[in-house]
Amino acid sequence: MDPQDQIGEKNSASVYEDRPGEECGLFGVFGCPDAARIIYDGLFSQQHRGQEGAGIATSDSGKIRCLKGLGLLSQVFPSNRASELKGNLGIGHVRYSTTGGGAIAHNVQPLIGDCVDGRWAVAHNGNIVNAHELRRLHQESGALFQTGTDSEMFLHLLAAPEYRKSPKRVAHACEALCGAYSFLIMSRDRLYAARDPHGFKPLVMGRLGGGWVFASETCAFTQIGAEYEREIEPGELVTVDSGGIASTRLSRVGAGLSHCVFEIVYFSRPDSRVFGHNVHQVRVSYGERLAEEYPVEADIVVAVPDSGNSAALGYARKSGIPYEMGFIRNHYVGRTFIMPGHEERASQADKKLAAMPETVRGKRVIVVDDSIVRGTTMRRRVRILREAGARQVHLRISCPPVAHPCYYGIDFPTPDELIASSKSVEEIRKYMDADSLGYLSVSGLLSPFADKRSYCIACFDGAYPIETGCGDKGILDEPEEPTAGYDP
Ligand code: AMP
């Protein structure tokens, strides 16, 4: 590989991560001049989906080049660096790694692979639960893996002779995978968009000028002025090239839909349309439902910004209790959720939000947030509200207790770190030092959806939609020992 073609940052740490999946953002362009600039803008509005790494690959005159690195998009692409990438075809990725141990440069996507018939680029969102199994098989036949991600498996499948020789190569490679994947895949003259048959993660397509655009979330289309066309269907592979656009079905269609409900609860941006629903509106309805399920006499409703904003609005509207600003958020504190140590997380969480004594002093306060995972942040929030003079603090959470880890791409810790896996609601209330605690019921969570069975709620009820035969519910083995660093 020409080292100039792929530029990345060095990082000597390298492991096969124990839960190698990602909750990431994707963006792809076919047939639009200056694709890299459009991809940059499309990724920029999806930065909430991943802040650890970013990358863009484009194809120009049959040659694929990729720029990527650790950090926010604006750090990886300062001063218009994306314009170094030419061409009207490209894909991009923002990465949220699910391990707390820090970002690793060689895992940043798009991943690039040089096959005997040319270069490929791939960007992935989700967790492939049989990746470990497949990786072992390929390693036994001599394959050398360069990253610690499950996504790399896809490049190895594309390169394997039995797939390479098939006219349905990309489809067959997808069909070998089990679990959650939304993929954007690029060869030198073609763009592919694929979504697993369960439809775990979102993936949408739109029109921009005479070209096509693809994204994890519709908010990216609004940003660039593209017109939303439709979702990539679960189990669909869309191919775009100079001959036009084509759609094929992957063989496992009919497996049953399992949209990740946590995309709606927390992950996606409120202005996006995800699985056919506006995220903000669903969250408002969750707040309304919470007000019915857990009414309480109080003076004000406050949101934990920004995750609780929409649901708090719903709670206030339904209960008739005034919506107030009880917290101020410092936007310059990074993501606290993935910080490795409890103490570090807690101290950063403290810096992120300040209570407003003028609003809460002497008041009975209802606090609305999207979820409690470990419980670290909410406990501190109750404390600062009390220090600011709140007379009572009533917690309302717009999803059920998160009691089970996720194997399909949401970063939920091991069961012993999940507060609801071992404590009852009353025990959690006591731990939080709250006057009351109410979680949205499972039926409330599913109430906005016509087909309730088409959602994955395994993190709440432990009923994993992908069972044995796919890597023991996707639980991967212990990490491999560190391999040599990868300098792309
Ligand atoms: P904690 O209970 O301290 O682990 O933090 C839970 C808070 O972190 C929630 O209120 C969400 O706003 C946010 N959160 C929940 N799940 C995730 C996730 N997978 N990644 C990042 N933030 C999350």
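Residues numbered from 1 in each chain as written. Predicted model: local features only at pLDDT ≥ 70, side-chain atom pairs only at ≥ 80, totals over all residues. Heavy atoms only, no water.

Colleague: Tell me about the packing of helix 3 (residues 131-140) against helix 4 (residues 152-159), and please be specific about residues and values.
Modeller: Contact pair helix 3 / helix 4: the axes reach a minimum separation of 10 Å and the direction vectors enclose 45°. With respect to their mutual orientation, helix 3 and helix 4 come out oblique. Helix 4 is crossed by helix 3, and the crossing has left-handed handedness. Here helix 3 contributes Ala-131, Leu-134, Arg-135 and His-138 to the contact with helix 4, which in turn contributes Glu-152, Met-153, His-156 and Leu-157. Residue composition of the contact of helix 3 with helix 4, by class: 4 nonpolar, 2 polar and 2 charged. (Axes fitted to C-alpha atoms, helices over the stretch in contact; angles between N-to-C directions. Helix = DSSP H or I, 4+ residues; strand = E, 2+ residues; numbered from the N terminus. Parallel < 35°, antiparallel > 145°, perpendicular 65-115°, else oblique. Left-handed = near helix turned anticlockwise from the far one by under 90°. Contact = heavy atoms within 4.5 Å. Nonpolar A, V, L, I, M, F, W, Y, C, P; charged D, E, K, R; others polar.)

Colleague: Outline the packing of helix 9 (residues 279-293) against helix 10 (residues 309-319), listing residues and values.
Modeller: At a minimum axis separation of 6 Å, helix 9 and helix 10 run at an interaxial angle of 45°. By the angle class used here, helix 9 and helix 10 are oblique. Considering how the two elements wind past one another, helix 9 and helix 10 form a crossing that is right-handed. Contacts from His-280, Arg-283, Val-284, Gly-287, Glu-288, Leu-290, Ala-291 and Glu-292 in helix 9 reach Ser-310, Ala-311, Leu-313, Gly-314, Tyr-315, Arg-317, Lys-318 and Ser-319 in helix 10. The class makeup of the residues in the contact of helix 9 with helix 10 is 6 nonpolar, 5 polar and 5 charged.

Colleague: Describe the pattern of salt bridges, and please don't skip the residues or the numbers.
Modeller: One pass over the structure, following the stated rule, counts 26 salt bridges. Of the charged contacts, one joins Arg-380 and Asp-350 as a salt bridge, the two residues approaching to 2.9 Å between their closest N and O atoms. Of the two residues, Arg-380 sits in helix 13 (residues 376-387) while Asp-350 sits in helix 11 (residues 342-352), which places them 30 residues apart along the sequence. Exposure remark for Asp-350: the relative accessible area of 27% places this residue in the partly exposed category. Between Arg-383 and Glu-387 there is a salt bridge, with the nearest N and O atoms lying 3.3 Å from each other. In this pair, Arg-383 and Glu-387 both sit in helix 13, 4 residues apart, roughly one turn of the helix. A relative accessible area of 38% places Arg-383 in the partly exposed class. Connected through salt bridges with shared partners, the residues Glu-23, Arg-49, Lys-201, Glu-217 and Glu-263 form a single ionic network. (Salt bridge = Lys/Arg side-chain N within 4 Å of Asp/Glu carboxyl O. Buried < 20%, exposed > 50% of the residue type's maximum accessible area, 1.4 Å probe, protein only.)

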